[in-house]
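Observations on chain architecture
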Amino acid sequence: MKSVVILISGRGSNMEAIVGAGLSAKVAAVISNRADAAGLKFAAQSGIPTQVVDEREFSSRGAFDAALEAVIEQHSPELVALAGFMRVLGRDFVRHYSGRMVNIHPSLLPAFPGLHTHQRALQEGVKLHGCTVHFVTPQVDHGPIIAQAAVPVYAGDTERTLAARVLRQEHRVYPLAIRWFVEGRLAVENGIVRVDGPDARQAILAEE
Ligand code: GRF
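Note that this is a predicted model, so its numbers are computed, not measured.

Let us look at the nonpolar core. Ranked by internal contacts, the top residues of the largest apolar core, which has 43 residues, are Ile6, Val30, Ile146 and Tyr174. Sort the elements by how many residues they give to this core and helix α6 (residues 159-182) lands first, with 10 residues. With residues near it in sequence (within four places) discarded, Tyr174 still touches Asn14, Ile18, Ala81, Leu82, Ala83, Val102, Asn103, Ile104 and Val133. Within the second largest apolar cluster, 19 residues are counted, among which are Leu82, Leu89, Tyr97 and Met101.

Spelled out as structure tokens, the structure:
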């Protein structure tokens with residue numbers, strides 16, 4: 001069985017969705033860069049080993065990345081999944097996990113990379129918003145797109161209502177993308193992700 005290490009920084013609801021999805025993969029560890037990440041509690045209660053690599057204990061990005069890599073390697077995972085991991089990882093680290101590290105981002109990339117995506121979507125007046133699961137490359141929020149889910153943006157939306165609508169889709173699309181990975185169904189050609197097999201819908205259009 002393939003193993004997955006999940007990196008979190010906070011609430012960990014995407015991690016919960018992955019753990020709860022009944023994947024034929026082992027979640028070998030949940031690792032956080034912050035000792036106070038709420039999601040660590042759920043992971044521990046679920047019997048998953050948790051570890052903290054406290055970013056405040058490192059004076060440089062390189063030193064933090066090296067320590068994080070050493071902890072991840074203890075579990076020899078086939079896949080590293082970033083799930084609300086709020087720290088930019090250096091080039092060497094990203095290259096080391098090239099093709100075997102994925103992230104979920106709360107926008108329809110390439111729109112709104114970076115922070116405050118829901119607020120920016122409302123400011124721009126977009127009518128569709130959503131989330132993206134992608135392979136991680138050195139350029140933040142830019143790697144090959146595995147799957148996306150789109151939701152409508154309504155006139156009365158606030159950052160909070162929109163974030164909640166997107167988050168429900170994150171919890172659908174992230175476990176799906178990870179399942180494809182662990183089943184060995186993802187191929188990347190010229191930066192485009194193809195999913196082999198019959199039931200592969202890389203686009204989810206959520207109706208509400
Ligand atoms: C999610 O919206 C994710 O897309 C973003 O940060 C948030 C993390 O939420 N990267 P959670 O920790 O998974 O609940």
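What the 8 strands build is an open sheet, ordered β3-β2-β1-β4-β5-β6-β7-β10; its pairing is mixed. The open sheet has two edge strands, β3 (50-52) and β10 (203-205), and neither has a second partner. Strand-to-strand twist in this sheet, taken as the mean axis angle between neighbours without regard to direction, amounts to 20°. Summarising the sheet, strand β1 (residues 2-8) and strand β4 (residues 79-82) pair through 4 bridges and their orientation is parallel. Counterpart to Leu7 in the pairing with β4 is Leu82.

What counts and how
- Residues numbered from 1 in each chain as written.
- Predicted model: local features only at pLDDT ≥ 70, side-chain atom pairs only at ≥ 80, totals over all residues.
- Heavy atoms only, no water.
- Core = buried A, V, L, I, M, F, W, Y, C linked by side-chain atoms within 4.5 Å.
- Buried < 20%, exposed > 50% of the residue type's maximum accessible area, 1.4 Å probe, protein only.
- Helix = DSSP H or I, 4+ residues; strand = E, 2+ residues; numbered from the N terminus.
- Contact = heavy atoms within 4.5 Å.
- Pairing = 2+ DSSP bridges.
- Axes fitted to C-alpha atoms, helices over the stretch in contact; angles between N-to-C directions.

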